[in-house]
Amino acid sequence: RLVGSEMCIRDSLGDKIKEDEKNLEELRKTYDKVTKDLADAKDEDFAYKEKISTLNVKIENLGKDYKKLVENKAYEEELEKIGKDLESTEKLKEKADQDHDHIEINKLIDRLNAEGLCPVCGKAHTGEREKLPVGDFDLEKISQDLADLKISLEKTRAIYEKNLKDLGTAYKLNEIEKIISENKDLLKTYEDLADKNKIKIKDLRQSLSKMAENGKTLKKEKEVREISYQETVSYTHLRAHETLRYL
């Protein structure tokens, strides 16, 4: 009866050892799957970082272009104003030049009226010659204003053209505003996905850590049962031999 009882214990231990092997195998498969999931999540993390970095650079460059386009819009208005001022000042300069010519001619008329002789051809003239009308123009100031406007026009145009040359895109102001907004929305989406993926990586690492601890525990329990199993087998064989010897 004792040998039979020990055989039952041995069989029970054997069944538990098989169950341990099955559990360990399932744990290994799960561990391998989670390890692969972690590797995939790390790849996704790297991909998100690349996309976020690329979008940040793109948004920064678009922002620079946007700033240049806003500046150029103001420069366009300034160029238009300078152009109009230049046109009116040039017309004023023409009048001032004509007025200056009239003043010089009037000087000759004054001599003609005073001397009776034409100061140009030397012929005699009788009667009073009427002088040409003159205005109140400051030719020197008008000439300086005209020169200043031309310099201002060249400077503003140079900055305007440099901004156009330095643009990284061919977008217009209203287009670039929309594109920046869309890229910021896309950046926010990638950042949210990256944050969720980081949580996933953390959870997967914790799962692997727990499975590793469970694996150690299962392996240790299996080893203990295997030792008990071997001891039971040895003891059963010994009792069986003793029983046969007394028969």
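Analysis parameters
Position numbers for residues count from 1 along each chain, tracking the sequence in the order it is written. Only residues with pLDDT of at least 70 get local features here, since the model is predicted, and only at 80 or more are side-chain atom pairs given and counted; chain-wide, interface and lining totals rely on the full set of residues. Excluding hydrogens and water, the side-chain figures rest on all heavy atoms present in the structure. Numbering of helices and strands runs from the N terminus, with a helix taken as a DSSP run of H or I at least four residues long and a strand as a DSSP run of E at least two residues long. Throughout, radius of gyration means the C-alpha value; the globule benchmark is 2.2 Å times the number of residues raised to the power 0.38. Relative accessibility under 20% of the residue-type maximum defines a buried residue, over 50% an exposed one, and the middle range a partly exposed one, all with a 1.4 Å probe and only protein chains included. By the convention used here, residues are in contact when the closest approach between their heavy atoms is within 4.5 Å. The charged-residue count follows a simple rule in which Lys and Arg add positive charge and Asp and Glu add negative charge, with His and chain termini not counted at all. By convention, the point assigned to a charge is CZ for Arg, NZ for Lys, CD for Glu and CG for Asp. Only centres within 6.5 Å qualify two rings of Phe, Tyr or Trp (six-membered ring in Trp) as a pair; their planes then separate them into stacked at under 30 degrees, edge-to-face at over 60, and tilted for everything else. We define a salt bridge as a side-chain nitrogen of Lys or Arg found within 4 Å of a carboxyl oxygen belonging to Asp or Glu. Polar contact criterion, stated in full: a pair of N or O atoms within 3.5 Å, where within protein one must be able to donate a hydrogen and the other to accept it, and residues adjacent in sequence count only if both atoms are side-chain atoms. Multiplying 1.5 Å by the helix residue count minus one yields the expected span of that helix.

Caption draft 1: Fine view of the overall build of the protein. Looking only at helices and strands, the protein has three helices and zero strands in total. Secondary structure elements of the protein occur, N-terminal to C-terminal, as α-α-α. Relative to its length of 247 residues, the protein is extended, with a C-alpha radius of gyration of 51 Å against a globular reference of 18 Å. Principal-axis analysis of the C-alpha atoms gives the protein an extent of 180 × 20 × 20 Å. Within the protein, the fraction of its 247 residues that count as buried is 24%. Considering only intrachain contacts with a sequence separation of at least 6, the fraction spanning at least 24 residues in the protein is 87%. Each charge class in the protein can be summarised by its mean position, and for the 50 positive and 56 negative side chains these summaries are 8 Å apart.

Caption draft 2: Structural view of the side chain of asparagine 163. Residue position: asparagine 163 is located in helix α2 (residues 139-166). Each residue touching asparagine 163, except ones within four places of it in the same chain, is listed here: Lys68, Glu71, Asn72 and Tyr75.

Caption draft 3: Main features of the packing of aromatic side chains. This model, assessed by the stated rule, comprises one aromatic pair. An angle of 45° between the planes, with centres 6.3 Å apart, marks the rings of tyrosine 48 and tyrosine 190 as tilted. Residue tyrosine 48 is located in helix α1 (residues 2-115), and its partner tyrosine 190 is located in helix α3 (residues 173-246); the two are separated by 142 residues in the primary sequence.

Caption draft 4: Fine view of the pattern of salt bridges. Within this structure, the stated rule accounts for 18 salt bridges. Note that lysine 36 and aspartate 40 form a salt bridge whose closest N and O atoms lie 3.1 Å from each other. Of the two residues, lysine 36 and aspartate 40 both sit in helix α1, four residues apart, roughly one turn of that helix. A relative accessible area of 52% places lysine 36 in the exposed class. Residue aspartate 40 is classed as partly exposed on the basis of its relative accessible area of 32%. Here lysine 64 makes a salt bridge to glutamate 60, at a shortest N to O gap of 3.9 Å. In this pair, lysine 64 and glutamate 60 are both assigned in helix α1, four residues apart and thus about one turn of the helix distant. Glutamate 60 sits in the partly exposed class, given a relative accessible area of 47%. A cluster of three or more residues bridged by salt bridges with shared partners is formed by Asp45, Lys49 and Lys198.

Caption draft 5: Just the side chain of asparagine 72, in detail. Mapped onto the fold, asparagine 72 is located in helix α1. By relative accessible area, which is 3% here, asparagine 72 ends up buried. Here the side chain of asparagine 72 touches tyrosine 160 through a polar contact of 3.3 Å, landing on its backbone oxygen. If near-sequence neighbours (up to four positions away) are discounted, asparagine 72 is found in contact with Ile159, Tyr160, Asn163 and Leu164.

Caption draft 6: Molecular detail of α2. Across its 28 residues, α2 extends 40 Å between first and last C-alpha, which sits within 8% of the 40 Å expected from 1.5 Å per residue. Within α2 the residues assigned to the buried category are Ile142, Leu146, Leu149, Leu153, Thr156, Tyr160 and Asn163.

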